[in-house]
Amino acid sequence: MIAEPTGPRAVRPTSPTWRRRVAFALLKMAAGRAGGADAPEVAFGGGPGPVMAEAGAGSPRLAELLAAGRRLLDEVEAGAEPSSGAPAVQDKVRQGLDALRLAATMVAELELFSENEELDEVASADLKFLLLPALQGALTLKQVDLSRRQQHLESARDHFLHFLKLCRNYGLGTFQLPPSTPGDEGTGSPPDSGNPPGAQPSLVAMAMSRNAKIERYKQKKELENKLASMRSFVESGTADEDQIREFYILQIQKWISTSLEELESIDQEMVILKNRDVARQAPAAPQGPSRPIRAPVRPFILTRDTAQARVFGAGYPGLPTMTVDDWYEQRRRQGIVSGQSVPQRAPGVSDEELQKQQQEKKEEEDDEEALQKARNWDDWKDTHPRGYGNRQNMG
């Protein structure tokens, strides 16, 4: 006979959990009577370990698969690789997905969770297996195959939704369940009809979403602090059943906040990918006739009046239109100056060189005044060294 459970978390005899335990007990009793060495080893949910069975010798246990998946996810998130697309990172992602996929298959075969039971009916050691869909979704997002990005997003979204529905069935947290497909209306409560008539629904929705994100962030930080303080007791094995149960429930609530955030990011990325595909498939716009190449337009000045511009000018200093020699030549032709007064300048000679040539010419022609000036300057340079009287640049 299998005695009915008693205690603070007694399982009802008609619940699915009770029926599963009865089936496993009968299986164990039959295996004990047969006395076979290859009989499967069963650990019951009411005992120290989770409900699980080994398929055969050397097969990984359910708890080991879950632990391996979580460890690989932590290594990927805390890795020092420069890019998430590194081969070593992607190998860990594939290994973690394989382990979690096998663990999810075993959980489905054992029927650990049911929609017809309450949270108190689930064994404390079995609560951690509720995280399997969330861990699968998180690892699925770590894949970087761009050609299959849409498929990865849809798969991760399904995992997170499955996790949230499972948590909602057990009453773990109060949250609005996102729609099953992006773009559908949510399954939560209808919008408040008491909004002011002039308010825009989009702005109200944005404000509500912002407040929800802030509240989730505060709750997530509080949960992380509690988990950090309880982790050492649970991992060392000194925690009792109530502490273990609280620790797993806190982990589930933390992953609820993470799943809601990831679902929002996934929906936004799926919209971007959809718009990108539409832009790629859209036909190219017909190109019109090319514009004729026009010659560059020379700048011109608009004056208020032509006569005024002739009298007062354009309002800015005009550019020279002739050289000094041209001006002297023009004046000589007009009879205003004689041709003797026009200095003769060789082409390419500057004013300084021309003045020097004129000075030398005067000296060669025995100009008394120029000769006397040159002699006085030579005498001065003989008696006064260069820089005389400068007073060391003091003025």
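Look up: the structure comes first, before these words.
Residues numbered from 1 in each chain as written. Predicted model: local features only at pLDDT ≥ 70, side-chain atom pairs only at ≥ 80, totals over all residues. Heavy atoms only, no water.

Colleague: Go over the packing of aromatic side chains, please, and point to the residues and values.
Modeller: Applying the stated criterion to the full structure yields 3 aromatic pairs. Consider the rings of Phe247 and Tyr248, whose centres lie 5.9 Å apart with planes at 55°: the pair is tilted. Taking the relative accessible area as the measure of exposure, Phe247 reaches 5% and is therefore buried. Residue classification places Tyr248 among the buried residues on the basis of a relative accessible area of 13%. On the numbers, 5.2 Å between centres and 75° between planes, the contact of Trp327 with Tyr328 is edge-to-face. For Trp327, a relative accessible area of 40% puts it in the partly exposed group. Overall, Tyr328 belongs to the partly exposed group, its relative accessible area being 27%. (Phe/Tyr/Trp six-rings, centres within 6.5 Å; stacked < 30°, edge-to-face > 60°. Buried < 20%, exposed > 50% of the residue type's maximum accessible area, 1.4 Å probe, protein only.)

Colleague: Hey, could you go over helix 3 (residues 87-110) for me, with residue numbers and the actual values?
Modeller: Compared with the 34 Å implied by 1.5 Å per residue over 24 residues, the 35 Å span of helix 3 between its first and last C-alpha is a close match. Every buried residue of helix 3 is listed here: Val89, Gln90, Val93, Gly96, Leu97, Ala99, Leu100, Ala103, Met106, Val107 and Leu110. Count one or two residues on from helix 3 and you reach Glu111, which has phi positive near 55°. (Helix = DSSP H or I, 4+ residues; strand = E, 2+ residues; numbered from the N terminus. Expected span 1.5 Å × (residues − 1).)

Colleague: Describe the layout of surface pockets, and please don't skip the residues or the numbers.
Modeller: Gaps between atoms show up when a probe of the same size as a water molecule is rolled over them. Taken as a whole, the second largest pocket spans an internal volume of roughly 760 Å³. In terms of lining residues, the second largest pocket is bounded by 27 residues, among which Arg70, Arg71, Asp74, Arg231 and Gln251 are the most central. Each residue belonging to the lining of the second largest pocket can be placed in one class, and the counts come to 13 nonpolar, 2 polar and 12 charged. (1 Å grid on protein atoms, 1.4 Å probe; cavity = no way out; pocket = protein on both sides within 12 Å on 5 of 7 lines; lining within 4 Å. Points joined across faces, edges and corners; volume = space filled by probe spheres on them. Nonpolar A, V, L, I, M, F, W, Y, C, P; charged D, E, K, R; others polar.)

Colleague: Hey, could you go over the side chain of Arg245 for me, with residue numbers and the actual values?
Modeller: Looking at the element boundaries, Arg245 is found in helix 7 (residues 241-281). Asp120 provides the closest opposite charge to the buried, unpaired Arg245, separated from it by 4.3 Å. Side chain to side chain, Arg245 and Ser124 meet in a polar contact 3.1 Å long. (Lys, Arg positive; Asp, Glu negative; His and termini not counted. Salt bridge = Lys/Arg side-chain N within 4 Å of Asp/Glu carboxyl O. Polar contact = N/O pair within 3.5 Å; in protein donor to acceptor, adjacent residues only side chain to side chain.)

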